[in-house]
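Descriptive structure summary
Spelled out from the first residue to the last, the chains are:
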Number of protein chains: 2
Amino acid sequence: MFDNIKSIAIIGSSNSTGKVGYLLTKNLVDFGFNGKIFPINTKENKILGINTFSSIDDISEDIDLAVIVIPAKFVNDEVRKVVKKKIKYLVVISAGFKETGEEGGVLENELIDIIKNSSTKLIGPNCLGFIDTRNKINVSFAKNFPTVDSLSFISQSGAMGTAFLDWAEKENIGVDLFISVGNKADIDEEYLLKRINSKLISFYLEDIKFGKKFLETGRNVNRKTPCIVIKPGESTKAQGAISSHTGSIAGDYKLIKSSLEKNGFTLARTIGEFFNLAKTFLFSPLPKNGGVAIVTNAGGPAVITTDLVMSTNSLYLANISKDTEDILKKHLPRESNFHNPIDVIGDALSDRYYYALDAVLNEDEVGSVIVILTPQIMTDIDNCAKTIASMKKYNKPILVSFIGGTAVENGLTILHKNKVPAFNFPEDAVNSLNKLYKYSMFVDNEVSKSELKSNVDGYTNENRLTIKKEDSYIDTYELLKSYNIPLINQEWIENIEHLKNFFDNSEKKSVSIKVISKTYTHKSDLGLVINNVDNEEKLIESFNKLEGLISHYNIKDAKILAQEYISGGLDLFIGGTNDTNFGSFVLFGTGGIFAETINDINILSSPNENEDIKRMIEETKMGKIILHNNRSKKYNTDGVIELIKSLNSLLIENPWIKNIDLNPVILTEDGGIYIVDARIDKV
Amino acid sequence: MFDNIKSIAIIGSSNSTGKVGYLLTKNLVDFGFNGKIFPINTKENKILGINTFSSIDDISEDIDLAVIVIPAKFVNDEVRKVVKKKIKYLVVISAGFKETGEEGGVLENELIDIIKNSSTKLIGPNCLGFIDTRNKINVSFAKNFPTVDSLSFISQSGAMGTAFLDWAEKENIGVDLFISVGNKADIDEEYLLKRINSKLISFYLEDIKFGKKFLETGRNVNRKTPCIVIKPGESTKAQGAISSHTGSIAGDYKLIKSSLEKNGFTLARTIGEFFNLAKTFLFSPLPKNGGVAIVTNAGGPAVITTDLVMSTNSLYLANISKDTEDILKKHLPRESNFHNPIDVIGDALSDRYYYALDAVLNEDEVGSVIVILTPQIMTDIDNCAKTIASMKKYNKPILVSFIGGTAVENGLTILHKNKVPAFNFPEDAVNSLNKLYKYSMFVDNEVSKSELKSNVDGYTNENRLTIKKEDSYIDTYELLKSYNIPLINQEWIENIEHLKNFFDNSEKKSVSIKVISKTYTHKSDLGLVINNVDNEEKLIESFNKLEGLISHYNIKDAKILAQEYISGGLDLFIGGTNDTNFGSFVLFGTGGIFAETINDINILSSPNENEDIKRMIEETKMGKIILHNNRSKKYNTDGVIELIKSLNSLLIENPWIKNIDLNPVILTEDGGIYIVDARIDKV
């Protein structure tokens, strides 16, 4: 991105060692930038031996990048000068903008206006600046000088940035770009994602400015370049409480998480995990399969690691063939374990690691290897590290855990210098490998190769309704029907003759009768629902009972609804939501009155492939029941998939809809799908 | 334990620097043991300048501890001499016993026989030895010399032991005892648990020798001294697949985990977690409540930490009172965040940490504090560490995360030297604090103060049956009935008149009719179950249909069973299992045909308190439904608790039972409890 920067102006450069303007200039000089530096300061003649200008207007030469580090109230005047000079990039480090409240917000809007119609692209304000190691540009006031490699980190938090650089220094991880984006008044994560050309791109994001656009760009980028995201904010929205009001389910975190993952992003939940994933993705090739071989000099940790591998539900312990076992037996002592996990036992020197690794890495079924070492009395730790590093030639992921403290420190350093992802604890190796494998599945999956579309192809229904924020029970019914989403057979009942008539025409010869009222929503609790009415005598009795209750409770807006009654079957929840930032989502899971407790709802962004929908269904407990029941029951899963696709069309074409809940949708053993109740919330 | 050891003999001591006998003697000398050392070696005169004996029999003085490091085949002869001299403790380091197979097993059995009737207590064989820092005894061949403190570690894996010592050295964690127990031929974890007097006792256990005894001792010890256990083996048994065959549910890991936790043990799932818990429990007082205050110099990591605190479901963010807020406002800059999490912002020096910590630690609602620091340009990291350490005077847990690498390293060291649990990442602080809080709840809980009993008090039923491994459907029925666990009203049906009679006497006037056969167990699939038969016409039709199917499939052992039919209600699973090592367990969860998919079963060891059972119920999804439904339904939870207690009595009094499944147990809205099916598996 910054390859053509040959000259940099620092507006607010300084000779006072405590000031950011000084630190920034010093960092740039010390980092070895070999273009021109123009310190701007009204009082000084020279800063760090470089001639100083009192204004950017005094510079006649071309400037490619300007950095502003002066108090907020003076910033916009300088920005106007920068824009006038058509400087390509501008970094505003100064704080005091929208993050400080109303007054700062006014300043920031003014800044945005100045930039909007210019040829200048702005990073910040309120940021730490950026570091580009390949071009030797450090216009940040971070203390660290990272070495060159191909990991980029885009951070919305300055503190996470400094922590990241400090971590990278300690772990010998080279950096390509570090960009602190601050308030994102102009340049945002999507702009950078599209342009950065690193081996690995990682983000700390507190919000995503243009959700849909970020997903689209991310889907393309992730096909070749993995992107890791740490996105806090899980607990702020009630993630646990699943209610029929899907707003709170879909809202925020789950929704963002689902859409990022579906488009190939790798999510880190914690800071430690983020760092572990960063080094793994940076150093490792992708595994060809989920088969893992464990090579260890200690039994206990290998058992723990086996537990962890198995609990991923995607990785598994690879089978070691008879041939490989024979090779192992030739080189390892009799007491070794020749089955996976392969135990080269406590007195192993590096040669045993060599033979064991060489053998298992030749196995096709071994997609990756986890190496465990504990510092036993004989262990030649550094040699072991070098031996492991030499196995990179096999081009398979090798993740290493050297368990301990002081004794293993140098071994870990050797591994990192040789770009082998290494950890203190095997759990970090397993989790990182698992996410690497999941990413490899995204890359391999045909679905990922398709474009992300906002529309469902091939669906045509001439009779579709698009109601504009109307609200009535029957409108919902008609709207759904027009999208091939028919509610169960039902009618408003005027009188007993009408009810008898509905009953006589009913398919199942059994009906439910309900009192519908806006004020009395807990109808079951008040006895306002009578189910399984299956003969004329009961019909009359039930109707009279409900009429009685209506006058007893004095329900002014009461209407009586009759529905076909379905006995037995499974209660599903199917729903959808429109998010203004991320687009439409569909939901599937366990429904009925216990949906809230069972908490078995999955979410999927804008699906256009049956396979995607099927996977969403399969990931729920209810989905496993309807897909994998080996009994004589024939649940109509294809019908459910079609229903979800129709619902998605409806959501996309009716952006005024916030949420739709179909709950319960009853699936019967004979293939029936009955939508018993529906509810639409407007934006 | 080893306070009175004044003299130590090392059988197999050596002058060859590569030999374990040499290393062991050198370790003992270098560690500063101030008693007498007797190296035994047939060839040498002096080892490390100490006079050597050619046999232990040549020593006339008292010996308190003997250590054997000679090849396995010579060990037992030496052990006989040790036993004869009535030496109190013996450590057999030598490998080559039962871990190597049959031959070694014979040797080990011989060793056990020699020790059994002696006054000598044996550690090992096949172990690393032990280290007692207070008595300056190091009879291990570990490389590390730990400093004195009050953390003991008992390890069944030598490798985990060396990793532990290496970790302790790096993290400045002092050790009391490290004991490598090896094959546990004599001394086991329960023996040590009873005798070790450390502030914190931790274990790595691959198996538990005497389960029930270990639980009983542990329950007593945990009331004052926390014990941490890492116990691998989760995946080896099918933990996921919940089937109606409870053996596989209860089997092993879940069962052990449940019984350890119930008796106050703190479980670590991974090695990293184990180390984190060890330093937290060693350094921290117990929290008085679950309220957490977060003090940070960075917003992003504080958001992540808030997410993690909330997701524990037990810790919560404490409210900061108006008074404290006023104090904070006096000392912190305007831009700070005065609500929890308290953000002292990026340019904070240690004084801001001082004021913020001092203020929140004075709040009653703050049970503990998590401090977060990122290395910003101004941050005086070492001073911050010292300031945080000075807050120990409040006697509340303070867990610290210094995020980064090189820059924060020394700060972390300062914290550890001052016995403040400190981590790189906030997730480790949150998880450790959560387990510390859970342990404090065990200590405070009245239930923990009661004895662990194998029997249910106050339950008397004169008519109890104890059948001895008999097997028939009706026996199960009778046995259960005799424990007040009545199956739903049912009868074997001989003919249609019999069936009509059963129907006429049925409570609900609706019955199920089933064909029971040992060979046709999937009766639903074959249509061998007809439910909800509610009039005489259907009765005849169903009976004839089943008779037809019996002859169609030619089911030789067919019998027809009629049962009361319950429509609606919730399907529960209630079960129990007897474990030969750990005693009896009861199970509760979601039942019915989907139990396997829903995977919602909880387990509890030998309950004798209603509160325990209620908690077990509440921890399942089904439990939440029956306990917390706010509708008009009255599920009989007390009845379920009584049923579980009865089942527990039955298990204890009939040790021949391996598993009992009651599935489904139907709970109806009107308070009914109907056990529809029961199955007993024998040991």
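Below: a short report on this structure. Sequence order as written defines residue numbering, which begins from 1 separately in each chain. Labels are handed out in written order, letters beginning with A for the chains and numbers beginning with 1 for the ligands. Note on the predicted model: pLDDT of at least 70 is required for a residue's local features to be given, and 80 or more for side-chain atom pairs to be given and counted; whole-chain, interface and lining totals, by contrast, use all residues. Each side-chain value is worked out from all heavy atoms of the structure, with water and hydrogens disregarded.

**A short note on the overall build of chain A**
- Every helix listed is a DSSP run of H or I at least four residues long, and every strand listed is a run of E at least two residues long, numbered separately from the N terminus. Of the regular secondary structure elements, chain A holds 23 helices and 30 strands.
- Considering only C-alpha atoms, chain A reaches an extent of 100 × 80 × 45 Å along its principal axes.
- Exposure is judged per residue with a 1.4 Å probe applied to protein chains only, and the accessible area is read against the type maximum: over 50% gives exposed, under 20% gives buried, and values in between give partly exposed. Counting the 683 residues in chain A, one finds 60% classified as buried.
- Contacts are residue-level and defined by heavy atoms, with any inter-residue pair within 4.5 Å sufficient. Of the contacts made within chain A by residues no fewer than 6 positions apart, 69% connect residues no fewer than 24 positions apart.
- Areas reported as accessible are Shrake-Rupley estimates using a 1.4 Å probe. Residue values count occlusion only from the protein chains shown. By element, 47% of the accessible surface of chain A is carried by carbon and sulfur atoms, the whole surface being about 27100 Å².
- None of His or the chain ends enter the tally, which takes Lys and Arg as positive and Asp and Glu as negative. Each charge is placed at NZ for Lys, CZ for Arg, CG for Asp and CD for Glu. Put simply, chain A has 78 plus and 89 minus side-chain charges, and the middle of one group is 5 Å from the middle of the other.

**Points about the sheet that holds strand β9 (residues 137-140) of chain A**
Residues and elements named next belong to chain A.
- Across the sheet, seven strands lie side by side as β9-β8-β11-β10-β12-β13-β14; this open sheet has mixed pairing. What marks the edges here is a single partner per strand, and that holds for β9 and β14 (266-268). On average, adjacent strands in this sheet sit at an angle of 20 degrees to one another, irrespective of strand direction.
- Packed on one face of the sheet, helix α4 (residues 158-170) meets β8 (129-132), β10 (148-155), β11 (175-180) and β12 (200-204) and runs near 160 degrees to β10. Strand pairing is assigned whenever DSSP identifies at least 2 bridges connecting the two strands. A fitted line through C-alpha atoms represents every axis, and for helices the fit uses only the stretch in contact; the resulting angles, taken between N-to-C directions, go from 0 to 180 degrees.

**Re the interface of chain A and chain B**
- With 66 residues of chain A in contact, the opposing surface of chain B contributes 66 residues.
- Taken over both partners, the interface formed by chain A and chain B buries close to 5700 Å², and the fraction arising from carbon and sulfur atoms is 64%.
- Here, a salt bridge means any side-chain nitrogen of Lys or Arg that lies within 4 Å of a carboxyl oxygen of Asp or Glu. Inspection of the chain A/chain B interface yields zero salt bridges.
- Contacts described as polar in this section are N or O atom pairs within 3.5 Å, which, within protein, must combine one atom able to donate a hydrogen with one able to accept it, while residues neighboring in sequence count only if both atoms come from side chains. At the surface where chain A touches chain B, the tally comes to 17 residue pairs in polar contact (both at pLDDT 80 or more). Joining two parts hides part of their accessible area as seen by a 1.4 Å probe, and the buried area is that hidden amount summed over both.

**Section: the environment of A:P125**
Residues and elements named next belong to chain A.
- Structurally, P125 is set in the loop between β7 (121-123) and β8.
- The exposure class of P125 is buried, given its relative accessible area of 0%.
- The spacing of P125 and L111 is 14 residues in sequence and 9.1 Å in space, taken between C-alpha atoms.
- Not counting chain neighbours up to four residues away, the residues in contact with P125 comprise V92, S94, F97, E108, L111, V181, G182, N183 and A185.

**Here's the deal with the pairing of strand β2 (residues 36-40) of chain B**
Residue and element names in this part refer to chain B.
- Of all the five residues making up β2, four are buried; the element is thus mostly covered by neighbouring parts of the structure.
- The pairing of strand β1 (residues 7-11) with β2 spans five bridges and is parallel. The residue of β2 that forms the bridge with A9 is F38.
- Viewed with both strands pointing away, a crossover whose connecting path from the first strand over the helix to the second turns clockwise is right-handed. The handedness of the β1 to β2 crossover, carried by helix α1 (residues 20-30), is right-handed.

**Some words on the relation of the copies chain A and chain B**
- C-alpha atoms of residues with pLDDT of at least 70 in both copies form the basis for the least-squares superposition of the copies. Least-squares fitting of chain A to chain B yields an RMSD of 0.1 Å, with the superposition described by an axial translation of 0.0 Å and a rotation of 180 degrees. Such a combination of rotation and displacement between the chain copies is what one expects of a two-fold axis.
- Taken together, the interface assignments show that 100% of the residues at the interface of chain A recur at the interface of chain B, consistent with an identical surface on both copies.

**Some remarks on the packing of aromatic side chains**
- Any pair of Phe, Tyr and Trp rings, taking the six-membered ring for Trp, is counted once the centres come within 6.5 Å. Such a pair is stacked with planes under 30 degrees apart, edge-to-face with planes over 60 apart, and tilted for the rest. Summed over all chains, the structure comprises 32 aromatic pairs over all chains.
- Ring centres 6.3 Å apart and planes at 20 degrees place the aromatic pair A:F153 and A:F178 in the stacked group. You can see A:F153 sitting in strand β10 and its partner A:F178 sitting in strand β11, a full 25 residues away along the chain. Here the two residues A:F153 and A:F178 agree in accessibility, since each one is buried.
- Ring geometry for B:F274 against B:F275: centres 5.8 Å apart, planes inclined by 45 degrees, an arrangement best described as tilted. Here B:F274 and B:F275 have matching classes, each one buried.
- For a ring to carry a charge above it, either NZ of a lysine or CZ of an arginine must fall within 6 Å of the ring centroid while also lying within 35 degrees of the normal to the ring plane. When the ring centre of A:Y191 is taken as origin, the NZ or CZ atom of A:R195, which lies over that ring, is 3.6 Å away.
- Here the guanidinium or amino end of A:K559 rests over the ring plane of A:W492, the centre of that ring lying 4.3 Å away.

**Considerations on the sheet that holds strand β7 (residues 121-123) of chain B**
Residues and elements named next belong to chain B.
- Reading across from one edge, β2-β1-β5-β6-β7 is the order of the five strands in this open sheet, with parallel pairing throughout. Taken across any chain shown, the strands that pair with only one partner, and hence form the sheet edges, are β2 and β7. Neighbouring strand axes in the sheet, compared pairwise and without regard to direction, differ in orientation by 15 degrees on average.
- In terms of strand pairing, strand β5 (residues 65-68) meets strand β6 (residues 89-92) through four bridges, oriented parallel. By the bridge assignment, A66 is partnered in β6 with L90.
- Sitting on the sheet, α1 touches β1, β2 and β5, and the angle it makes with β1 is about 160 degrees.

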